[in-house]
Each structure stands twice: as structure tokens, then as C-alpha cells.
Amino acid sequence: MRQIALLLPFALALSGCALFQQDAPAGGVTGPAKPQPATEFAPAVSTSVLGATRAASAEALDKTTAEEKAAALAAPASGGERELGRVVVALGPPAEQGIWLSSALVKTKAQGRIVTAAGKSLAVELRPDTGAALLSLAAFQALGLSLTELPQVTVYGP
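Residues numbered from 1 in each chain as written. Predicted model: local features only at pLDDT ≥ 70, side-chain atom pairs only at ≥ 80, totals over all residues. Heavy atoms only, no water.

Concerning the overall build of the protein chain
For step 1, the next point in the chain: When helices and strands are tallied, the protein chain shows four helices and six strands.
For step 2, the next point in the chain: Taken across its 158 residues, the protein chain has 27% of its residues classed as buried.
For step 3, the next point in the chain: In the form shown here, the protein chain has an accessible surface area of approximately 11,300 Å², with 61% of it arising from carbon and sulfur atoms. (Helix = DSSP H or I, 4+ residues; strand = E, 2+ residues; numbered from the N terminus. Buried < 20%, exposed > 50% of the residue type's maximum accessible area, 1.4 Å probe, protein only. Areas by Shrake-Rupley, 256 points an atom, 1.4 Å probe, with all protein chains shown as cover.)

See the structure below:
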């Protein structure tokens, strides 16, 4: 029984040697095989900066007028509004026009207001969402925020 237990690992190790065996050359002499040079080449690939051909400025994407932004900044707090909470906002899809905030804090579409940590207030359309809070391109620009910033805002709504 002990002989079988000792022979089993040896047999398994020996059978694994077949995995490393290489084909013998035409002359029948065995030895280390020489690596074969590559015979196929991949086609050349051109590279470019992402979006370089379709780049557009934030101003070109935003169709909200300066008057609309000024009105949203000047809008006073409405009576009966309450604080819904604070969220960190990221830039929303630039193709979605208007001054809006989408957040899980909002249950139904309504008019509301956001206030930045610097105290700037902006009237926005509140949109319900289940993911991270997103703020429109026009709202970012109206508040003077950097498009790469992740600011925290306080959300007020009905």
C-alpha cells in the first residue's frame, strides 16, 4: 500500500512532462527547440486624442441664455420650501438642456432651489433619480463652478 502511495505522485509528475515535450526536428535529433520568428504582423493602428474630432466647448453645448441664468440666480426663496438634504453633485449630461438637478432626495418633478457651500443660490427644476446627484451644465455655469468640480449643495424643495 505504501508503494502505491509513493508511486502515485511520481506517475502524476511524469505524465505532466508530456506537456513540455516539443516536436522533434525533421532530422530526428531531439534537443531544445529554437524559437520561430514571427511571420504575421498586426496592421498599423492610428491613434488620436479622445474626442479630438468632435470636441465642443461647454458654451457651445449650453443653449440656456444669460437672461435665464440671471433669473435663476435672482429668484428668491419661495414660501413653504423645506430643506431636502445635502448632496455632492457631478456634471449631468450636457445634451440635457435647462437648469436642473436630479437626485434621490427628490420624489417628484418640482421647482426648487440649491445653495452652494459658498452661499450662492440658484432656482432649479428638481428631478427624481435613483443614482448619484447630477447638476446640469447650465447650472454649473450659472453658479461659476468648475466642470470638473464635485461640489456639495443643499437642496430645497416643496
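Past the structure itself, the notes keep going.
Here we look at the pairing of strand β2 (residues 100-103)
For step 1, the next point in the chain: A two-sided burial pattern is seen for β2, the buried positions comprising Trp100 and Ser102 on one face and Leu101 and Ser103 on the other.
For step 2, the next point in the chain: Relative to strand β4 (residues 121-128), β2 is paired through four bridges, and the arrangement is parallel. If you follow serine 102 over to β4, its bridge partner there is arginine 127.
For step 3, the next point in the chain: Relative to strand β5 (residues 133-135), β2 runs antiparallel, the two sharing two bridges. (Pairing = 2+ DSSP bridges.)

Digging into the nonpolar core
For step 1, the next point in the chain: Grouped together as the largest cluster of nonpolar side chains are 21 residues, with contacts concentrated most on Val89, Leu101, Ile114, Leu122, Leu135 and Val155.
For step 2, the next point in the chain: Mapped by element, the contributors of at least two residues to this core are β1 (82-91), β4, β5, α4 (137-143) and β6 (152-157).
For step 3, the next point in the chain: The greatest single-element share of this core, amounting to five residues, is contributed by α4.
For step 4, the next point in the chain: If sequence neighbours within four positions are ignored, valine 155 has contacts with Arg82, Glu83, Leu84, Gly85, Val87, Leu101, Leu105, Arg113, Ile114 and Leu126. (Core = buried A, V, L, I, M, F, W, Y, C linked by side-chain atoms within 4.5 Å. Contact = heavy atoms within 4.5 Å.)

Section: the sheet that holds β2
For step 1, the next point in the chain: One closed barrel holds the six strands; their spatial order is β1-β5-β2-β4-β3-β6, and the pairing between them is mixed. For this sheet, the mean inter-axis angle between neighbouring strands, taken without regard to orientation, is 40°.
For step 2, the next point in the chain: Here three bridges tie β1 to β5, and the two strands are oriented parallel to one another. If you follow valine 89 over to β5, its bridge partner there is alanine 133. (Axes fitted to C-alpha atoms, helices over the stretch in contact; angles between N-to-C directions.)

With respect to the environment of lysine 107
For step 1, the next point in the chain: As for its position among the elements, lysine 107 is in the loop between β2 and β3 (110-116).
For step 2, the next point in the chain: Here lysine 107 falls in the exposed class, since its relative accessible area comes to 69%.
For step 3, the next point in the chain: Sequence separation between lysine 107 and arginine 127 is 20 residues, and the spatial gap between their C-alpha atoms is 7.8 Å.
For step 4, the next point in the chain: Within the structure, lysine 107 has its side chain in polar contact with the backbone oxygen of alanine 104 (distance 3.1 Å). (Polar contact = N/O pair within 3.5 Å; in protein donor to acceptor, adjacent residues only side chain to side chain.)

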